Amino acid sequence: ILPDMRYSRIFFTPTDDDTLEQDIIHCFGDASMRTYDEIKECLLYADITQIRQVCSYSSQLVWADDETYALTDRIRFSKSDIDRALDTISQDIERQGFSVFQRIDVSESMEWNTDVPEAAVREALYVKHLSSLYTKNRSIITLPGVPLTAPMIMMEHCKSLRETTLSDLQAYEEELTDRTTYSLYAAYETMIRVDRDRFVNPDT
């Protein structure tokens, strides 16, 4: 019926350049951020699942808050923040083989993006200025091809200790991930629990 159209499994478009991602970006208008519901109101043909999927993998959008994304190109960065991030990550990797996402300082850039959450500004800076040089696995930043994860780092950290407490491990993990998901697992995998909060190295 329409042989000149471009077809995919769930929609068709006039050209290959017309994508749901581009339509979502157009929904932002002059705004820096949009919620899923606001995007859905603009795109009657797309269901919310499609919108979520595209927002989650698009490099032009960064997570800002619950069900809310910011447009990467609308976020401005200070040169000082960019240079400091490059120096910090380079030095961290040279010293210990990895850096941490939370180490990216965007304090100056926040003055230019007062309506955007800090997490979104930090993610956008990584996408625009660091992602071509480094790989990010959740909160862990490494050189490309280095398969380091937070659980692996936690276990290596435990192996380097003669003894520790669960609270100390959790404090260390919060520096890595802002969470305390892996501390107990890493301790049980590499150390011996001697009381409620204390672990010791089995070789001690």
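For the structure itself, look to the data block above.
Below: a short report on this structure. (Residues numbered from 1 in each chain as written. Predicted model: local features only at pLDDT ≥ 70, side-chain atom pairs only at ≥ 80, totals over all residues. Heavy atoms only, no water.)

### Looking at helix 4 (residues 79-96)
For step 1, the next point in the chain: For helix 4, built from 18 residues, the straight-helix expectation of 26 Å at 1.5 Å per residue is met to within 8% by its first-to-last C-alpha distance of 26 Å.
For step 2, the next point in the chain: Contact partners of the buried residues in helix 4: strand 6 (99-100), helix 5 (107-110), helix 6 (118-129) and strand 8 (140-142).
For step 3, the next point in the chain: Looking at the residues trailing helix 4, positive phi occurs at G97, about 90 degrees. (Helix = DSSP H or I, 4+ residues; strand = E, 2+ residues; numbered from the N terminus. Expected span 1.5 Å × (residues − 1). Contact = heavy atoms within 4.5 Å.)

### A short note on the sheet that holds strand 5 (residues 68-71)
For step 1, the next point in the chain: Taken together, the three strands give an open sheet; going across it, the order is 3-5-4, and neighbouring strands pair in antiparallel fashion. Here the strands that pair on one side only, and so sit at the sheet edges, are strand 3 (33-35) and strand 4 (61-65). Adjacent strand axes in the sheet meet at a mean angle of 35 degrees, parallel and antiparallel pairs treated alike.
For step 2, the next point in the chain: Taken together, the three bridges between strand 3 and strand 5 define a ladder with antiparallel strand orientation. Pairing of T35 across the sheet is with T68, part of strand 5. (Pairing = 2+ DSSP bridges. Axes fitted to C-alpha atoms, helices over the stretch in contact; angles between N-to-C directions.)

### Things to note about the nonpolar core
For step 1, the next point in the chain: One finds I75, I104, L125 and L130 to be the most contacted residues of the largest nonpolar core, which totals 21 residues.
For step 2, the next point in the chain: Elements represented by at least two residues in this core include exactly strand 4, helix 4 and helix 6.
For step 3, the next point in the chain: What I104 contacts, discounting residues up to four positions off in sequence, is A85, I89, R122, L125, Y126, L130 and I141.
For step 4, the next point in the chain: One finds M155, L176, A186 and M191 within the second-largest nonpolar core, a separate group that totals 16 residues. (Core = buried A, V, L, I, M, F, W, Y, C linked by side-chain atoms within 4.5 Å. Buried < 20%, exposed > 50% of the residue type's maximum accessible area, 1.4 Å probe, protein only.)

### Some details on the layout of surface pockets
For step 1, the next point in the chain: Of the pockets and cavities examined, the largest pocket occupies roughly 680 Å³.
For step 2, the next point in the chain: Taken together, 29 residues make up the lining of the largest pocket; nearest its centre are F101, K136, R138, S139 and R179.
For step 3, the next point in the chain: Of all the elements in the fold, those that place two or more residues in the lining of the largest pocket are helix 3 (48-57), strand 4, helix 6, strand 7 (135-137) and helix 7 (150-159).
For step 4, the next point in the chain: Across the lining of the largest pocket, the residue classes tally to 14 nonpolar, nine polar and six charged. (1 Å grid on protein atoms, 1.4 Å probe; cavity = no way out; pocket = protein on both sides within 12 Å on 5 of 7 lines; lining within 4 Å. Points joined across faces, edges and corners; volume = space filled by probe spheres on them. Nonpolar A, V, L, I, M, F, W, Y, C, P; charged D, E, K, R; others polar.)

### Describing the side chain of T190
For step 1, the next point in the chain: Examined against the element boundaries, T190 turns out to sit in helix 9 (residues 183-190).
For step 2, the next point in the chain: Of note is the side chain of T190, whose polar atom sits 2.7 Å from the backbone oxygen of A186.
For step 3, the next point in the chain: Apart from residues no more than four positions distant in its own chain, T190 is found in contact with M155, C158, K159 and P202. (Polar contact = N/O pair within 3.5 Å; in protein donor to acceptor, adjacent residues only side chain to side chain.)

### Digging into a nonpolar patch on the surface
For step 1, the next point in the chain: A contiguous nonpolar patch, built from I1, L2 and Y7 and spanning about 420 Å² of accessible area, is present on the exposed surface.
For step 2, the next point in the chain: Here Y7 lies in strand 1 (residues 6-7).
For step 3, the next point in the chain: Here Y7 falls in the exposed class, since its relative accessible area comes to 53%. (Patch = residues over 30% accessible without salt bridge, like charges linked within 9 Å, V, L, I, M, F, W, Y side chains within 5 Å. Areas by Shrake-Rupley, 256 points an atom, 1.4 Å probe, with all protein chains shown as cover. Salt bridge = Lys/Arg side-chain N within 4 Å of Asp/Glu carboxyl O.)

### A short note on the environment of W112
For step 1, the next point in the chain: In this fold, W112 is placed in the loop between helix 5 and helix 6.
For step 2, the next point in the chain: On the accessibility criterion, W112 (42% relative accessible area) is partly exposed.
For step 3, the next point in the chain: Each C-alpha atom of the pair W112 and R162 lies 46 Å from the other, and the pair is 50 residues apart in sequence.
For step 4, the next point in the chain: Once residues lying within four places of it in the same chain are set aside, the contact partners of W112 are R76, F77 and S78.

### Quick word on the sheet that holds strand 8
For step 1, the next point in the chain: In spatial order, the strands read 6-8-7; together these three strands make up an open sheet with antiparallel pairing. Two strands close off the open sheet at either side, each with one partner strand: strand 6 and strand 7.
For step 2, the next point in the chain: Sheet topology places strand 7 next to strand 8; three bridges connect them, and they run antiparallel. Note that in strand 8 the partner of T135 across the bridge is T142.

### Considering the side chain of S99
For step 1, the next point in the chain: Tracing the chain through its elements places S99 in strand 6.
For step 2, the next point in the chain: Relative accessible area serves as the criterion here: at 0%, S99 is assigned to the buried category.
For step 3, the next point in the chain: Polar side-chain contacts of S99 include one of 2.7 Å to the side chain of D92.
For step 4, the next point in the chain: The residues touching S99, leaving out its near neighbours within four places in the chain, are T88, I89, D92, I93, S139, I140 and I141.

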